[in-house]
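Remarks on the overall topology
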Amino acid sequence: MKRRAMFFRMITASLLRRRSRMLIALLSIAIGATILAGLVTVYVDVPRQMAAQFRSYGANMILMPAGSGVLSEADAEAAQTVIPGEELVGATPYRYVYLNMVRRQQTFAAAGTEFDQVQKTSPYFKVVGRYPSEPRQVLVGKSVADTIGVKENSVMELTWFPPSVDAAESPASGAAEIAPGMVLSGQAAGFGMQEGMNNKPVYVVVTIGDDGTIASLTVDTSGESEGFGTQCSESFFTDRFIGKPARDLELGKDVDAVSGATITSAAVVEAVNSAAPVDDTAAVLTPRTVNYTVVGILETGGEEEDYIYMSLDDMASITGQAGQVDFVELSVSASQDSLERYAQEISDSGRATARLVKRVIRSEATVLGKLQALVFLVTAVVLVLTMVSVSTTMMAVVAERRREIGLRKALGASDNAIRVEFLGEGLFLGALGGLLGAGLGFVFAQVVSVNVFGSDIRFSMLLLPVTVIVSMMVAALSCLLPVRRAVAIDPALVLKGE
Amino acid sequence: MPLLEIRNVSKIYGELKALDDVSLHVDQGEWVAIMGPSGSGKSTMMNIIGCMDKPSMGQVILDGVDISKESSKRLTDIRRDKIGLIFQQFHMVNYLTAVENVMVSQYYHSMPDEKEALEALERVGLRERARHLPSQLSGGEQQRVCVARALINHPELILADEPTGNLDEANENIVLDLFRQLHNEGTTLIVVTHDPEVAEVAQRTVVLEHGRMVREIVNERFGK
Ligand SMILES: Nc1ncnc2c1ncn2[C@@H]1O[C@H](COP(=O)(O)OP(=O)(O)OP(=O)(O)O)[C@@H](O)[C@H]1O
Ligand SMILES: [Mg+2]
């Protein structure tokens, strides 16, 4: 029989036949190794998890119009090509307009967007119900839904009013020269602006003919009382303005009021008198009303709850304006340096201005750094605790085996032989505990990952040898002091007589 | 030719002289008994001869080497190579079987050889109990395993401290028979004992009292 075989026979006999004591040491190492393996796994996997996690905190870059211009969808898309496709998690355009709920006499901010992208750049959005997928479906912010009392599957009637120049605020108001071919728009307080009503003015759109007089008049009286004020949008009334100048008209003198709708009639006259030229004649359209089906309620706890969301296509069809957005939210999975470079390139291209959402980016780096420090600290503490525990156990083992060690020495064991035997037992325990710990550690990491990050962990094959080797090193280190004790035992003393 | 020569050896513990100017020589192949009352220094002398302790004064020459001057590392080598030890308490490694205990001695000496170890157990009449743990053996059986362990490496000198102190008469006789065989094979034996019957079977008996050698009796009837 080889010496080595006898060596292993002695060590395994010692571990197997003196089970209880060795189990404690084994357990200490296994627990240490479990935590070590678990933390290392989490540690290795964390940057990947964190990147995904932080992307779920929303956009980290925003594209806005370059200068004071507008951002066309085409420009926005061209600007994004700077970012490599695999790094671009999502790009969500937003376009905001005000829509009116005439029946309830309330105005709401509506956002046109792309819902498949919303889910990528704002994964924290919580939708009760579902995201719109068909035309004329809307997602309603919780606070809007609470205010107007809509639920899933409710139908909402929303009206878009063409933008009108505010008579009171426009510097051009009234004073502007009237020229042939001009289009004017104006508004004035009618019956709808009186207390208890819907807080909506009367809108007018006036076109000037070649002779410099009114060629056509369109009146929006949707805010006025049905059957009375609303008559003012009918042609029998609006025809009374044709051929008249668009300035200094007087009710009763130049234009007769509709009986029973004096207030509204006066408002129309005032709106015409104060109407200002409109640059973009295409924008001047008649109000449009569309019925939408609510398919989901958005809950974020934030200001997002104050909006009504619809697809960009739906928004284009109610406003008659397509191809423009207010801004685009981007979620990019890249380092801070790359992000800064992309933003610079986009801004330099002149298509759009890119801004980074600093808060999200910085916290990403800080949290990663803190987490790494924490893992290091905990690992160090655990390793030290394991060492203390194993060392204490081995100390007790040496005390328990004083006689045996003395006997071995009396039988001719050199100090080195004693060292090798004890270190051998320690390393064996370390290897066994490390194997156990690597297995348990993976389970531990998996549990942590699922609970903290909500995703499965990736098992690194490197973990097994690393854990086993570290455990063996810890066990060997823990044995140093006990081994010194063992070597110092005097056989003459322990073997002596009684 | 002397295998062992002790010259004016003293061992002093503080005020106490455990050994006081002892001189003794033992020839190759001799069988010597050491007797004396408790505390007279018998075990102290055995430990010094067995290279587990050093004298405070004097010289101990074992097989031509002055072991009173050697380092403890060298003493371990000498003990392993030349000496077989038998203790009163029949110390065994309690988690190893009888045969494994014998093999431990081989392991430190040279090469573990299970077959040879089993033969040694056969010789002490324990072939059947080779796979038992110490806790499954009687005291007499354990001491016989210790004898097998002491003789496995064919030492020149066997040192036995009260080898029969804890044994009944039957087991005592088995052990003494084994000593007789070893003596006939030429092994030198030094046996410490309280028991005059055990001393009587030796060639020569040295008597210690208060650390001094007070008497030496040659057994006229030895071998008869
Ligand atoms: N390490 C020590 N320190 C102090 N005194 C010791 C030591 N070892 C032995 N002695 C003392 O030396 C004396 C001789 O002891 P020793 O063990 O040699 O006696 P012994 O003859 O073997 O006795 P017994 O028959 O009881 O075994 C005793 O008085 C003992 O107390
Ligand atoms: Mg004694």
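Higher on the page you've got the structure.
Worth saying up front: this structure is predicted, and the values here are computed from it rather than measured.

Bringing the overall build of chain B into the picture now. Broken down by element type, chain B carries seven helices and 10 strands. Split into buried and exposed, the 224 residues of chain B put 58% on the buried side. Within chain B, residue pairs in contact and separated by at least 24 positions form 67% of the contacts whose partners lie at least 6 positions apart.

Turning next to the overall build of chain A. Each helix and strand counted, chain A has 14 helices and 16 strands in total. Buried positions account for 46% of the 498 residues belonging to chain A. Put simply, of all contacts in chain A between residues at least 6 apart along the chain, 77% involve residues at least 24 apart. Accessible surface, chain A: about 23500 Å² in total, of which carbon and sulfur atoms supply 57%.

Here we come to the side chain of Thr 213 of chain A. Residues and elements named next belong to chain A. As for its position among the elements, Thr 213 is in the loop between strand S9 (202–208) and strand S10 (214–220). Exposure remark for Thr 213: the relative accessible area of 15% places this residue in the buried category. At 2.8 Å, the side chain of Thr 213 and the side chain of Asp 211 are in polar contact. Among residues more than four places away in sequence, those in contact with Thr 213 are Thr 207, Ile 208, Gly 243, Lys 244 and Pro 245.

Attention shifts here to unusual backbone geometry. Residue and element names in this part refer to chain B. For Asp 21, which is not glycine, the phi torsion reads 55° and is therefore positive. Among the secondary structure elements, Asp 21 is positioned in strand S2 (residues 16–27). You can call Asp 21 partly exposed: its relative accessible area is 43%. Even without glycine at this site, His 210 takes up a positive phi of about 50°. Mapped onto the secondary structure, His 210 falls in the loop between strand S9 (204–209) and strand S10 (212–218). By relative accessible area, His 210 is classed as exposed at 70%.

Turning our attention to the interface of chain B and chain A. Taken together, the contact between chain B and chain A spans 28 residues of the former and 33 residues of the latter. Summing the contributions of chain B and of chain A, the shared interface buries around 2800 Å²; its carbon and sulfur component is 60%. The largest share of the area that chain B buries against chain A comes from Tyr 95, Tyr 107 and Tyr 108 of chain B, three residues that together contribute 30% of it. Between chain B and chain A we count three salt bridges in total. Linking Glu 114 of chain B and Arg 9 of chain A is a salt bridge whose minimum nitrogen-to-oxygen distance equals 3.4 Å. On the surface where chain B and chain A come into contact, there are 15 residue pairs in polar contact (both at pLDDT 80 or more). Residue assignment for the side of chain B that touches chain A shows that the elements contributing at least two residues are helix H1 (42–49), helix H2 (72–82) and helix H3 (98–109) of chain B. Grouping the amino acids of the side of chain B that touches chain A by side-chain chemistry returns 14 nonpolar, eight polar and six charged.

A word on the sheet that holds S10 of chain B. Residue and element names in this part refer to chain B. The six strands are arranged S6-S7-S8-S3-S9-S10 in an open sheet whose pairing can be described as mixed. Two strands bound the open sheet, and with one partner strand each, they are strand S6 (83–86) and S10. The mean angle between the axes of side-by-side strands here comes to 15°, regardless of whether they run parallel or antiparallel. Sheet topology note: the strand S3 (residues 31–35)/S9 ladder contains four bridges and is parallel.

Moving on: helix H8 (residues 312–319) of chain A. By the criterion of burial, H8 of chain A is predominantly enclosed, with six of the eight residues buried. Taken as a whole, H8 of chain A has its buried residues at Leu 312, Asp 314, Met 315, Ala 316, Ile 318 and Thr 319 of chain A.

Residues and elements named next belong to chain A. Under the definition given, this model contains 28 salt bridges over all chains. Among the salt bridges present, the one from Arg 408 reaches Glu 421, with a minimum N-O distance of 3.1 Å. Residue Arg 408 is found in helix H11 (residues 402–410), and its partner Glu 421 is found in helix H12 (residues 415–452); the two are separated by 13 residues along the sequence. Taking relative accessible area as the criterion, Glu 421 reaches 7% and is therefore assigned buried.

This brings us to the site of ligand 1. Residues in contact with ligand 1 amount to 13 residues; listed here are only the nearest, Lys 496 of chain A together with Ser 38, Lys 42, Ser 43 and Thr 44 of chain B. More than one chain lines the surroundings of ligand 1; the residues nearby belong to chains A and B. A distance of 3.2 Å separates an oxygen atom of ligand 1 from a polar atom in the backbone of Ser 40 of chain B. Protein chains bury 71% of the 630 Å² of accessible surface belonging to ligand 1 in isolation. Contributing elements (two or more residues each) for the shell around ligand 1: S2 and H1 of chain B. Top element by residues in the shell around ligand 1 is H1 of chain B. It accounts for three residues.

Looking now at the pairing of S2 of chain B. Residues and elements named next belong to chain B. The sheet contact formed by strand S1 (residues 2–13) and S2 spans eight bridges and is antiparallel. Across the sheet, Tyr 13 pairs through a bridge with Leu 16, a residue of S2. Here S1 folds back onto S2, and the loop between the two strands holds two residues, one of which, Gly 14, carries a positive phi near 60°.

Definitions and limits used
Counting from 1, residues in each chain are numbered in the order their sequence is written. Just so you know, chain letters begin at A and ligand numbers begin at 1, following the order they were written in. Residues qualify for local features only when their pLDDT is at least 70, as the model is predicted, and side-chain atom pairs are given and counted only at 80 or more; totals for whole chains, interfaces and linings, by contrast, use all residues. Water and hydrogen atoms play no part in the side-chain values, which are based on all heavy atoms of the structure. The helix and strand labels rest on DSSP assignments: H or I over at least four residues marks a helix, E over at least two residues marks a strand, and numbering proceeds from the N terminus. Whether a residue is buried, partly exposed or exposed follows from its accessible area with a 1.4 Å probe, protein chains only, as a fraction of its type maximum: under 20%, in between, or over 50%, in that order. In what follows, a contact means two residues having at least one pair of non-hydrogen atoms within 4.5 Å. Values of accessible area rely on a 1.4 Å probe in the Shrake-Rupley scheme; residue burial ignores everything except the protein chains shown. Contacts described as polar in this section are N or O atom pairs within 3.5 Å, which, within protein, must combine one atom able to donate a hydrogen with one able to accept it, while residues neighboring in sequence count only if both atoms come from side chains. Buried area: the accessible area, evaluated with a 1.4 Å probe, that two parts lose upon being put together, summed over both parts. The salt bridge criterion pairs a side-chain nitrogen of Lys or Arg with a carboxyl oxygen of Asp or Glu, the two atoms within 4 Å. Just so you know the grouping, Ala, Val, Leu, Ile, Met, Phe, Trp, Tyr, Cys and Pro go in nonpolar, Asp, Glu, Lys and Arg go in charged, and all remaining residues, Gly too, go in polar. When DSSP finds two or more bridges between a pair of strands, those strands are recorded as paired. To define axes, lines are fitted to C-alpha atoms, for helices over the stretch in contact only, and angles between the resulting N-to-C directions are given on a 0 to 180 degree scale. Think of it this way: one heavy atom of a residue within 4 Å of a molecule or strand is enough to make that residue near it.

Interpretation note: all reported values are geometric properties and have no functional meaning in isolation.
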